[in-house]
Amino acid sequence: MNLRMVEWLRCISCGARLRPETGPASQTNGDISEGKLVCVSCERNYPVVRSIPRFVGDEEYAESFGYQWNYFDKMQLDSHMGNDLSRERFFATTKWPQKMDGQLILEAGCGMGRFSEIALETGAEIVSFDLSNSVEANFRNNGKSSRAHILQASIYEIPLAKENFDKIFCMGVLQHCPDVRRAFMSLLPFLRPGGEIVIDVYQRHTGIFPPLKYWARPFLTWMAPRGVHKFLSRAIPPAFYLKKALYKVPLVGKPIGKLIPIGPVSHAPRLNFTDEELIQVKILSALDMYSPVHDHPQTIDTVRKWFADAGLVDVYVGTGFNGINARGKKPAVISRMERSSATATA
Ligand SMILES: [Zn+2]
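Thresholds applied
Residues numbered from 1 in each chain as written. Predicted model: local features only at pLDDT ≥ 70, side-chain atom pairs only at ≥ 80, totals over all residues. Heavy atoms only, no water. Core = buried A, V, L, I, M, F, W, Y, C linked by side-chain atoms within 4.5 Å. Buried < 20%, exposed > 50% of the residue type's maximum accessible area, 1.4 Å probe, protein only. Helix = DSSP H or I, 4+ residues; strand = E, 2+ residues; numbered from the N terminus. Contact = heavy atoms within 4.5 Å. Salt bridge = Lys/Arg side-chain N within 4 Å of Asp/Glu carboxyl O. Polar contact = N/O pair within 3.5 Å; in protein donor to acceptor, adjacent residues only side chain to side chain. Donors = N, O, S within 2.8 Å, 3.2 Å for Na, K, Ca; no water. Tetrahedral: all angles 85-135°; square planar, octahedral: opposite > 155°, others 65-115°. Patch = residues over 30% accessible without salt bridge, like charges linked within 9 Å, V, L, I, M, F, W, Y side chains within 5 Å. Areas by Shrake-Rupley, 256 points an atom, 1.4 Å probe, with all protein chains shown as cover. Pairing = 2+ DSSP bridges. Axes fitted to C-alpha atoms, helices over the stretch in contact; angles between N-to-C directions. Parallel < 35°, antiparallel > 145°, perpendicular 65-115°, else oblique. Nonpolar A, V, L, I, M, F, W, Y, C, P; charged D, E, K, R; others polar.

Asker: Could you give an account of the nonpolar core, with specific residues and numbers?
Answerer: Ranked by internal contacts, the top residues of the largest apolar core, which has 81 residues, are I155, L174, I197 and I199. The leading source of residues in this core is helix 10 (residues 275-290), at 7 residues. Those residues in contact with I199 that sit more than four places away from it in its chain are T93, C170, L174, F184, V303, W306, F307, I324, N325 and A326.

Asker: Tell me about the pattern of salt bridges, residues and numbers included.
Answerer: Counted under the stated rule, the structure contains 19 salt bridges. In this structure, K36 engages E21 in a salt bridge whose closest nitrogen and oxygen atoms are separated by 3.9 Å. Placement of the pair is K36 in strand 4 (residues 35-39) and E21 in strand 1 (residues 18-21), with a sequence separation of 15 residues. Here K36 falls in the partly exposed class, since its relative accessible area comes to 32%.

Asker: Tell me about the side chain of N141, and name the residues and values.
Answerer: Relative to the helices and strands, N141 is located in helix 5 (residues 134-142). You can call N141 buried: its relative accessible area is 5%. A polar contact of 2.8 Å, which involves the side chain of N141, links it to the side chain of K74. Ignoring sequence-local partners within four residues, the contact set of N141 consists of D73, K74, L77 and M112.

Asker: Give a description of unusual backbone geometry that names residues and reports values.
Answerer: Phi angles above zero are rare outside glycine, and E43 is one such case at about 70°. Tracing the backbone through its elements, the reader meets E43 in the loop between strand 4 and strand 5 (45-49). The phi dihedral of L251 falls on the positive side, at around 60°, and the residue is not glycine. By the secondary structure assignment, L251 is in the loop between helix 8 (225-246) and helix 9 (253-257). Exposure remark for L251: the relative accessible area of 81% places this residue in the exposed category.

Asker: Give me the coordination of the zinc ion: which residues, what numbers.
Answerer: Looking at the metal site, the zinc ion is ligated by C11 (SG), C14 (SG), C39 (SG) and C42 (SG), spaced 2.3 Å from it. Taken together, the 4 donor atoms coordinating the zinc ion and their angles of 96 to 121° define a geometry best described as tetrahedral. Sequence spacing among the residues donating to the zinc ion works out to C-x2-C-x24-C-x2-C. Of this pair, C14 sits in the segment before strand 1 while C42 sits in the loop between strand 4 and strand 5; the two residues are 28 residues apart in sequence, bridging distant segments of the chain. Here C42 falls in the partly exposed class, since its relative accessible area comes to 36%.

Asker: Go over a nonpolar patch on the surface, please, and point to the residues and values.
Answerer: A contiguous nonpolar patch, built from V249, L251, V252, I256 and L259 and spanning about 540 Å² of accessible area, is present on the exposed surface. Tracing the backbone shows I256 in helix 9. I256 gets classed as partly exposed once you look at its relative accessible area, which sits at 44%.

Asker: Lay out the environment of R234 in plain terms, naming residues and giving numbers.
Answerer: Mapping R234 onto the fold places it in helix 8. Separated by 27 residues in sequence, R234 and G207 place their C-alpha atoms 32 Å apart.

Asker: Tell me about the sheet that holds strand 9 (residues 148-152), and name the residues and values.
Answerer: Two modes of strand pairing occur in sheets, parallel and antiparallel, and in both the strands are linked by backbone hydrogen bonds. Strand order in the open sheet formed by 7 strands is 9-8-7-10-11-13-12, and the pairing between neighbours is mixed. Edge positions in the open sheet fall to strand 9 and strand 12 (313-320), since each of these has one partner strand only. In this sheet, neighbouring strand axes are inclined to one another by 15° on average, regardless of whether the strands run parallel or antiparallel. Pairing of strand 8 (residues 125-130) with strand 9 involves 5 bridges; the strand directions are parallel. Among the inter-strand pairings, D130 is bridged to a residue of strand 9, identified as Q152. Sheet strands touched by helix 5: strand 8 and strand 9. Its angle to strand 9, the strand with the most contacts, is close to 165°.

Asker: Tell me about the packing of helix 1 (residues 63-71) against helix 8, residues and numbers included.
Answerer: Relative to each other, helix 1 and helix 8 sit at 50°, their axes nearing to 9 Å. Judged on the interaxial angle alone, helix 8 and helix 1 are oblique. From helix 1, E63, S64, Y67 and Y71 reach across to helix 8, where they touch P225, R226 and H229. When grouped by side-chain class, the residues that make up the contact of helix 1 with helix 8 number 3 nonpolar, 2 polar and 2 charged.

Asker: Quick one: what's the story with the side chain of S291, residue by residue and with numbers?
Answerer: Among the structural elements, S291 can be located in the loop between helix 10 and helix 11 (300-309). The exposure class assigned to S291 is buried, which follows from its relative accessible area of 5%. In terms of polar contacts, S291 uses its side chain to reach the backbone carbonyl oxygen of L287, at 2.7 Å.

Now the structure itself:
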């Protein structure tokens, strides 16, 4: 970890600053690879392991993501895959400019860092955290940048100074937290006045039949992530080739093939996937559906209410790439009435 991050880190018990304690050998060029951070007030300490400060004892409900993103650590990385899928989703969801030099951005739930990579490309400095060990994959992918600060922490106990970030984004994450509203609300204290928060969250299906995923989840989520992965690695390749073969049979082939629930067997030509790569994409996407402990899709009205209850302004809530997209700003100046009522209650 870069020593610069210490300035922003805070104790999750008491909110005080942390001081690094490391042997001389582990500190080179202002980086700490192993050691600990000690609270200057309550003395609670937090280990730094493999260059990442750790504010959680284990992965709690996020173990599947630690497994998933360390195994599939490159598959959604634009620079590795030679495509723009993460870049497109990032800018379509945030509407942020391509250049954000000098800005400080918080990324909640970074996984292997597909969006960290894009945020770094804008010139911004980023602090990215995740509850799971996927932070290791993100460190492999983006840790070489001096503007990337990666830590392992819970969204419910974020170890950072308040009102310090120009922007916060949280994409593909909130539905996987046990209490989705509380997870969203826990981000807001870290946004500076005038700063902007952007989220996306799965949209709840309102029809009579929920998607297959929600029928099938109970049969698979009891398995450990490795077990789900093994099952999918055996089931998906034959299903893929069968579906592909059926699609070539005139008349009846396509309607029958459609019953095999693994999505399309061809991809946009610009992505240039081989069959083997496409199969891996499908295994990852199924693993992502069936292994998380929590999956709580939301409605547009619920998300609107969160933003209203949080007192955000310039709010947009609509549907987008991954369900519901929402953006809003923290008011820049507290009104006189709010200030006097705050003084009265203080
Ligand atoms: Zn403390």
